[in-house]
Amino acid sequence: MDTIRLEDSWKKHLEPEFAQSYFQKLRTFVHDAYTQSTVYPPPKNLFRAFDLCPFDQTKVVILGQDPYHGPGQANGLCFAVEGDTPLPPSLQNIFKEIEKEYGVPMQNKNGDLSRWAAQGVLLLNATLTVGARSPGSHQRKGWEEFTDAAIHALSKEREGLVFMLWGNYAKNKGAHIDRKKHLVLEAPHPSPFSAHSGFFGCGHFKLANEYLAAHGKKPIDWL
């Protein structure tokens, strides 16, 4: 974080955050954490969600909480893992829901999900870093304010976006999204602990595409 390299369109909207006192403290914390311990994702993937999905090309926003905290998992996109890594349970359930909605097997079960990001899906964790094997270890250090600013900018300055909020954490984080301008889809988290309480059968992926098409935007190829 010594030199912040953020995709240009996002930098235009988020650069004011860099001067805030919370961000100065966050910068120091993250630098020290990477220097003194094992942190995920790798530094090159810190802002990957923004890099792969520019502000003006974003069509769908999926909110996560923390990066995965095991080795070789986190790649900078929420719910995603490195391509050669076994799929975590939540991502398995996401794929199951997509298959159920479309009635066909997924053509690509690679967990990297960069194929979604390239189509305009912002896969954004609330906290962008985590200590190895220490879930939640980088919460309340400033990342939440930064990602709140990103969500606020999208809500205020864009129209016709789809926000997918799974679980109470994501619902609370997305509480201030302008629902008159955007479609907000809410469901339980896809975790095995809650997926059967309403994530399965939520229909979010088809609903998102119907909304995008109705607003003149190309639907997402989820399969």
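Above this text is the structure in question.
The rules behind each value
- Residues numbered from 1 in each chain as written.
- Predicted model: local features only at pLDDT ≥ 70, side-chain atom pairs only at ≥ 80, totals over all residues.
- Heavy atoms only, no water.
- Helix = DSSP H or I, 4+ residues; strand = E, 2+ residues; numbered from the N terminus.
- Rg over C-alpha atoms; globule rule 2.2 N^0.38 Å.
- Contact = heavy atoms within 4.5 Å.
- Lys, Arg positive; Asp, Glu negative; His and termini not counted.
- Charge placed at Lys NZ, Arg CZ, Asp CG, Glu CD.
- 1 Å grid on protein atoms, 1.4 Å probe; cavity = no way out; pocket = protein on both sides within 12 Å on 5 of 7 lines; lining within 4 Å.
- Points joined across faces, edges and corners; volume = space filled by probe spheres on them.
- Nonpolar A, V, L, I, M, F, W, Y, C, P; charged D, E, K, R; others polar.
- Core = buried A, V, L, I, M, F, W, Y, C linked by side-chain atoms within 4.5 Å.
- Buried < 20%, exposed > 50% of the residue type's maximum accessible area, 1.4 Å probe, protein only.

This next bit is on the overall build of the protein chain. Summing up its helical and strand segments, the protein chain has eight helices and six strands in all. Since a compact globule built from 223 residues should have a radius of gyration of about 17 Å, the 17 Å found for the protein chain is in line with a globular shape. Along the longest, intermediate and shortest principal axes, the C-alpha atoms of the protein chain span 50 × 35 × 25 Å. Long-range pairs, those at least 24 residues apart, make up 66% of the contacts in the protein chain with a sequence separation of at least 6. Averaged over its 25 positive side-chain charges, the protein chain has a centre that lies 2 Å from the centre of its 24 negative ones.

Our next topic: empty space enclosed by the protein. If a probe the size of a water molecule is rolled over the atoms, the empty space left behind becomes visible. Going through the model one piece at a time under the given rule, you end up with two cavities of 30 Å³ or more. Taken as a whole, the largest cavity encloses approximately 40 Å³ of empty space. Every residue lining the largest cavity is listed: Asp66, Pro67, Tyr68, Ala74, Asn75, Gly76, Leu77, Cys78, Phe79, Ala80 and Asn125. Across the lining of the largest cavity, the residue classes break down as seven nonpolar, three polar and one charged. Computed from the structure, the second largest cavity encloses a volume of approximately 40 Å³. A per-class count over the lining of the second largest cavity returns four nonpolar, three polar and no charged.

Among the nonpolar cores identified, the biggest contains 68 residues, and Phe50, Ile62, Ile94, Phe146, Met164 and Trp222 are the most heavily contacted of them. Considering each element in turn, this core owes the most residues, seven residues, to helix α6 (residues 143-157). Sequence-distant contacts of methionine 164, defined by excluding residues within four places in its chain, comprise Val60, Val61, Ile62, Leu63, Leu185, His204, Phe205, Ala208 and Trp222.

Following the sequence through the fold, tryptophan 116 ends up in helix α5 (residues 114-117). Residue classification places tryptophan 116 among the buried positions, given a relative accessible area of 1%. Here the alpha-carbon distance between tryptophan 116 and alanine 175, two residues 59 residues apart in the chain, equals 24 Å. Apart from the residues lying within four places of it in its own chain, the contact partners of tryptophan 116 are Ile94, Phe95, Ile98, Val121, Leu123, Asp221 and Trp222.

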